[in-house]
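Residues per chain, in single letters:
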Amino acid sequence: MQWKSAISNHPVTADALASVIETIEIMLAAAPDLVFAFVSPHHAEEYGLVGKVLQRRFPEAVIIGCSGGGIVGGGFELEGTPAISLTAAYLPGARVTPFHLLADQRPTPEASHAEWAAALGLDEDPKGMVVLPDPFSFDAQAFAQGVDGAFPDCVLLGGLASGGREPGEHALILGDEVHHQGAVGVALAGNLVIDPVVAQGCRPVGPPCFVTRCDAHLLFELDGRPALDVLEEICGNLSSDDLELAKGALFVGLVMDPERQSYGQGDFLLRNLLGAMPDERALAVGARLRENHVVQFHVRDARTSWADLDSLMAYHAAHCP
């Protein structure tokens, strides 16, 4: 088993693809079985080209990916600039099953094992699953609850497509096709073991708040006040360093355990803050919201990310075989 990653900031899509493909072919010892592609919105007019080129170059591989506001690959992260990254895996003995699921095709979280297996096209229980949902059209939390119930031994990983501000602007790549709704993913079975280590690299700013009015992805009120007013007040009390971080890396954290009475770093599921609606004093969030849900704003910075990752890796090395 071998994994390799590469990234390019070339503004021309075809040239960026050629660069990352050449790097992957040089580094990887054999033809890949699985290729993840992540693309910044600067390449939006050529989203459809990405999967087609990759599928021609790697005909035996499963190709999957999505658009992203920030792109990571080859040990680097690029934000606010053209970027395409590939992560390719040679997985001898593993079985990779791709799927694309629309919202109306998703079983309910309480659905049976057989219903979930049929919806995802699975012949065997997966050991792991990587899912890339579109936050505007797919309820990722309900999907995760359903997978946890149907396949309790499956390690579920993934992340939301991003980079767009309106429904239909995100790209979901599967094979040589590009979709703009639902979720794409791969189920992994066979000769592999998955030990997840996830570092959010974010820390909370401002107090936890209750969602008191919302509509799907739109957040109108926090603790009975206009959501944008609350955010502006929080930003007004930040240090100059944290305010700079908030300008480029501000997230909304949704508490994962509704029974908790106190909250700290790591207790929240982080989602993108997509934008503001000044006339309505509302915020657009990359997740479906519920009234009485507890949320807290977070900022991301490199120092927190490194400390978070170092701590998790040390724990993983000490406790995992």
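The shown structure was predicted, so the numbers you read here are calculated from the model rather than taken from an experiment.

S.K.: Describe in detail a nonpolar patch on the surface, supporting the description with residues and values.
M.R.: A surface patch of nonpolar side chains, amounting to about 320 Å² of accessible area, comprises W306, L309 and M313. Turning to its location among the elements, M313 is positioned in helix α7 (residues 302-319). Relative accessible area serves as the criterion here: at 42%, M313 is assigned to the partly exposed category.

S.K.: Go over the pairing of strand β8 (residues 128-133) with me, naming the residues and quoting the values.
M.R.: Where burial is concerned, most of β8 is hidden: six out of the six residues are buried. Residues G128, V130 and L132 point to one face of β8 and M129, V131 and P133 to the other, with burial holding for every one of them. The parallel pair β8 and strand β9 (residues 155-158) is bridged by helix α4 (residues 140-150), and the resulting crossover is right-handed. As defined by bridge partners, β8 adjoins strand β12 (residues 183-190) across six bridges and the pair is classed as antiparallel. Following the sheet pairing, G128 is matched in β12 by L188.

S.K.: Describe the packing of helix α3 (residues 113-120) against α4, and please don't skip the residues or the numbers.
M.R.: At their nearest, the axes of α3 and α4 sit 9 Å apart, and the two run at 120° to each other. Comparing the axis directions of α3 and α4 gives the class oblique. In this structure, the crossing between α3 and α4 has a hand that is left-handed. Seen from α3, the contacting residues are H113, W116 and L120; seen from α4, they are F143, G146, V147 and A150. Of the residues in the contact of α3 with α4, the class split is five nonpolar, two polar and no charged.

S.K.: Explain the pattern of salt bridges residue by residue, including any values.
M.R.: On inspection of all chains with the given rule, the structure shows ten salt bridges. Ionic pairing is found between D242 and R203, a salt bridge with its closest N-O pair at 2.6 Å. You can see D242 sitting in helix α6 (residues 240-248) and its partner R203 sitting in strand β13 (residues 202-215), a full 39 residues away along the chain. When its relative accessible area of 24% is taken as the criterion, R203 is described as partly exposed. Where salt bridges share partners, they join E77, E79 and R300 into one cluster.

S.K.: Account for α3, naming residues and giving values.
M.R.: Of all the positions in α3, only W116, A117 and L120 are classed as buried. Projected onto a plane normal to the axis of α3, the buried residues spread over an arc of 100° and lie on a single side. Counted as exposed and oriented over 90 degrees from the buried face of α3: A114 and A118. At the exit of α3 stands G121, carrying a positive phi of roughly 70°.

S.K.: With reference to specific residues and values, describe the environment of A30.
M.R.: Residue placement: A30 occurs in the loop between α1 (13-27) and β2 (34-39). Overall, A30 belongs to the partly exposed group, its relative accessible area being 29%.

S.K.: Go over the packing of aromatic side chains, please, and point to the residues and values.
M.R.: What describes a pair of aromatic rings is the distance from one ring centre to the other and the angle between the planes of the rings. Tallied over the full model, the rule gives five aromatic pairs. Ring centres 6.5 Å apart and planes at 15° place the aromatic pair W3 and F36 in the stacked group. Separated by 33 residues along the polypeptide, W3 in strand β1 (residues 2-8) and F36 in strand β2 bring together distant segments of the chain. Ring pairs connect the aromatic residues F99, W116, F138 and F143, which therefore count as one cluster.

S.K.: So what's going on with the packing of α1 against helix α2 (residues 47-57)? Residues and values would help.
M.R.: One can describe the packing of α1 onto α2 by two numbers: an axis separation of 11 Å at closest approach and a directional angle of 35°. Like other packed secondary-structure pairs, α1 and α2 cross with a definite hand, here right-handed. Contacts from T13, A14, L17, I21 and E25 of α1 reach α2 at L49, V50, V53, L54 and R57. Here the contact of α1 with α2 is built from residues that sort into seven nonpolar, one polar and two charged.

Cut-offs and rules
Residues numbered from 1 in each chain as written. Predicted model: local features only at pLDDT ≥ 70, side-chain atom pairs only at ≥ 80, totals over all residues. Heavy atoms only, no water. Patch = residues over 30% accessible without salt bridge, like charges linked within 9 Å, V, L, I, M, F, W, Y side chains within 5 Å. Areas by Shrake-Rupley, 256 points an atom, 1.4 Å probe, with all protein chains shown as cover. Salt bridge = Lys/Arg side-chain N within 4 Å of Asp/Glu carboxyl O. Helix = DSSP H or I, 4+ residues; strand = E, 2+ residues; numbered from the N terminus. Buried < 20%, exposed > 50% of the residue type's maximum accessible area, 1.4 Å probe, protein only. Right-handed = clockwise from strand over helix to strand, strands pointing away. Pairing = 2+ DSSP bridges. Axes fitted to C-alpha atoms, helices over the stretch in contact; angles between N-to-C directions. Parallel < 35°, antiparallel > 145°, perpendicular 65-115°, else oblique. Left-handed = near helix turned anticlockwise from the far one by under 90°. Contact = heavy atoms within 4.5 Å. Nonpolar A, V, L, I, M, F, W, Y, C, P; charged D, E, K, R; others polar. Arc of directions from axis to C-beta. Phe/Tyr/Trp six-rings, centres within 6.5 Å; stacked < 30°, edge-to-face > 60°.

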